[in-house]
Structure formats: C-alpha cells, structure tokens
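Overview (structure and organization)
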Amino acid sequence: MYLSSRQAMSNNPNRRGENRIIAGLPPEEYEGVAPHLENVSLRRGTILQMPEQKIAYVYFPTTCMLSLLATLEGGETVETGVVGSEGMVGISIVLGVDASTSEVLVQADGDAHRMKARALGPLIKNGGVLHDSLLRYIHTIFVQISQTAACNRAHSLSERLARWLLLTHDRLGRDEFELTHEFLARMLGTRRAGVSVAASTLRDAGVIGYTRGRVTVLDRKGLERACCECYRIVKAEYDRLATS
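Reference entry: report on the structure contained in this document. Everything quoted here is computed from the prediction, not taken from an experiment. (Residues numbered from 1 in each chain as written. Predicted model: local features only at pLDDT ≥ 70, side-chain atom pairs only at ≥ 80, totals over all residues. Heavy atoms only, no water.)

1. Description of the pairing of strand β5 (residues 77-83)
Where burial is concerned, most of β5 is hidden: 6 out of the 7 residues are buried. In the sheet, strand β4 (residues 65-71) pairs with β5 via 6 bridges, with the strands oriented antiparallel. Directly across from L69, in β5, lies its bridge partner E79. The antiparallel hairpin formed by β4 and β5 contains 5 residues in its connecting segment, where G75 sits at a positive phi of about 95°. (Buried < 20%, exposed > 50% of the residue type's maximum accessible area, 1.4 Å probe, protein only. Helix = DSSP H or I, 4+ residues; strand = E, 2+ residues; numbered from the N terminus. Pairing = 2+ DSSP bridges.)

2. Focus on the pattern of salt bridges
Inspection of the entire model under this criterion finds 11 salt bridges. Residue R225 pairs with D219 through a salt bridge whose shortest N-O separation is 4.0 Å. Judged by its relative accessible area of 29%, D219 falls in the partly exposed class. E224 is paired through a salt bridge with R220; the nearest N and O atoms lie 2.8 Å apart. With E224 and R220 both in helix α9 (residues 220-226) and 4 residues apart, the pair spans about one turn of that helix. (Salt bridge = Lys/Arg side-chain N within 4 Å of Asp/Glu carboxyl O.)

3. A word on empty space enclosed by the protein
Going through the model one piece at a time under the given rule, you end up with 2 cavities of 30 Å³ or more. Of the pockets and cavities examined, the largest cavity occupies roughly 70 Å³. Along the walls of the largest cavity sit 14 residues, with E79, T148, R163, W164 and M187 positioned nearest its centre. Put simply, the parts of the chain that give the lining of the largest cavity at least two residues each are β5, α5 (129-154), α6 (157-172) and α7 (181-188). The dominant element in the lining of the largest cavity, judged by the number of residues it contributes, is β5, at 5 residues. Class assignment for the residues of the lining of the largest cavity results in 6 nonpolar, 5 polar and 3 charged. In this structure, the second largest cavity encloses a volume near 40 Å³. Lining the second largest cavity are Q144, Q147, T148, R163, L167, C230, Y231 and V234. (1 Å grid on protein atoms, 1.4 Å probe; cavity = no way out; pocket = protein on both sides within 12 Å on 5 of 7 lines; lining within 4 Å. Points joined across faces, edges and corners; volume = space filled by probe spheres on them. Nonpolar A, V, L, I, M, F, W, Y, C, P; charged D, E, K, R; others polar.)

4. Examining unusual backbone geometry
A positive phi angle is found at E52, which is not glycine, with a value near 70°. Within the fold, E52 resides in the loop between β2 (47-49) and β3 (57-61). Since its relative accessible area comes to 75%, E52 is described here as exposed.

5. Some details on the side chain of E103
Along the polypeptide, E103 turns up in strand β6 (residues 103-108). At 3.2 Å, the side chain of E103 and the side chain of R186 are in polar contact. In contact with E103, other than residues within four places in its own chain, are I47, Q49, M50, P51, S67, L68, L69, T71, T77 and R186. (Polar contact = N/O pair within 3.5 Å; in protein donor to acceptor, adjacent residues only side chain to side chain. Contact = heavy atoms within 4.5 Å.)

6. Quick look at the packing of helix α4 (residues 117-124) against α5
α5 packs onto α4 with a crossing angle of 110° between their chain directions and a minimal axis gap of 8 Å. In terms of orientation, α4 lies roughly perpendicular with respect to α5. Counted together, L120, L123 and I124 of α4 and L130, H131 and L134 of α5 form the full contact between these two elements. Considering only residue class, the contact of α4 with α5 consists of 5 nonpolar, 1 polar and no charged. (Axes fitted to C-alpha atoms, helices over the stretch in contact; angles between N-to-C directions. Parallel < 35°, antiparallel > 145°, perpendicular 65-115°, else oblique.)

Here you go:
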C-alpha cells in the first residue's frame, strides 16, 4: 500500500542524496532520470513483485528496506537478500528480462523512489554512470545471495540471525526495529521455536534486547563477533565497490 502521492524530486543534490545510486549521478545525467522518478512511502508487509510476473516498476529505496524471497512449491519463502538505500529492486530489467525471479517484500516501513520499468531501458542503453552503477550493484547483490545460500547451509541459526540483524541495522540506520519471531522464521527459513532459541542466545550474550516484537541492538561490536564470516564478506564487497 502506498501512503503518499506523487512528488517532484528536487534537482538539489543535497535532497537527492538518499539513494546511493541516484545520489551518485552527475547533474547532467540526473536531469534525464529525475522526470521518471516518483517518491512513494511503503508499508511493511507490502508485496512489490512476485516471481514470474512482469515487472511494472523498479524501486530505489531511500529509508525503507526490502527483502528478496525465494518461494518453494509448498508456498514457503526464504529470504535470499536485502536491499536498502545502497541499491534497487527490479535488476532483471537491467539484464533485459521483464519478469521478476523473486518475491519482493517491504520488510521495514519507509520511502523509495520508483520508476516505470519501461523507462529504465532507454536511460541505460547508451551506457553512462547509471548503467555502470547498476551493473556494479548487480554484482554485489549476487555476492549477497550466494553468500546467504552458503550461510544457510554451513552456519548456526544464531550466527545467521546475527548476520541478518547486522544487515538490517546497516540499512535502517537505527538501533531498534520491529521484528516478530514469526517474521524472522520466515526470513531465515526455519521454525519459530528455532528463532526463539537463537534470539535468546544473542540476548543472553547482551548484544540485543528483545521484547514484544521489537529488537534493539545493544552492542554492535558484540553482534559482529557473534556473527559468522558471511556478513564481513558481503560488507567488504559493498565497501570496495562503493569506493571504486
């Protein structure tokens, strides 16, 4: 569900610095992109895309967080990646495919810039900063997805939960966020009872607080120590490409 109406984006670079891909555009390229961008506010739980359905819009998150979900035959879903202000969803369009391979779910309330999918192709067909930035981002999201697959196979649930909380903490930029055991179980592809045990492990270690569906990061460094190497691998790749 969208909460806000269309708003024109300002050409002031200080006001368009919310999404890193859009913020990184030079003024002359941004002027061509801006007319196609619409500011929307997104509610937690909203589904933006479904597997095998034609993509109508691509999204550049600013303050919201989106989840990429793989759907199994029985209807279960497992999170394969998260997207915040560092990226976009609808990457299939960049690769010349007009259908989504994932379910895209709004994981945390917030704002995003959206663009009609059919408008993106002409904007990147001749190269440019947007084209190059999107290709670099596709590389990083592939790294995240592949590392998530390895993490789900090799590491304990408490380590996986710590990785997930760190990714969320990075993208939301705040220490407290709304998360229920049911939601975490869906994201991690496990049973609710397993999430309860993993959350208790982190809470007993003093790195998080958890009450009534709200998680608070109490000790960021401690959470990083409780995590497996997968978080560091993904973050290092994001940081490397962000400074290249």
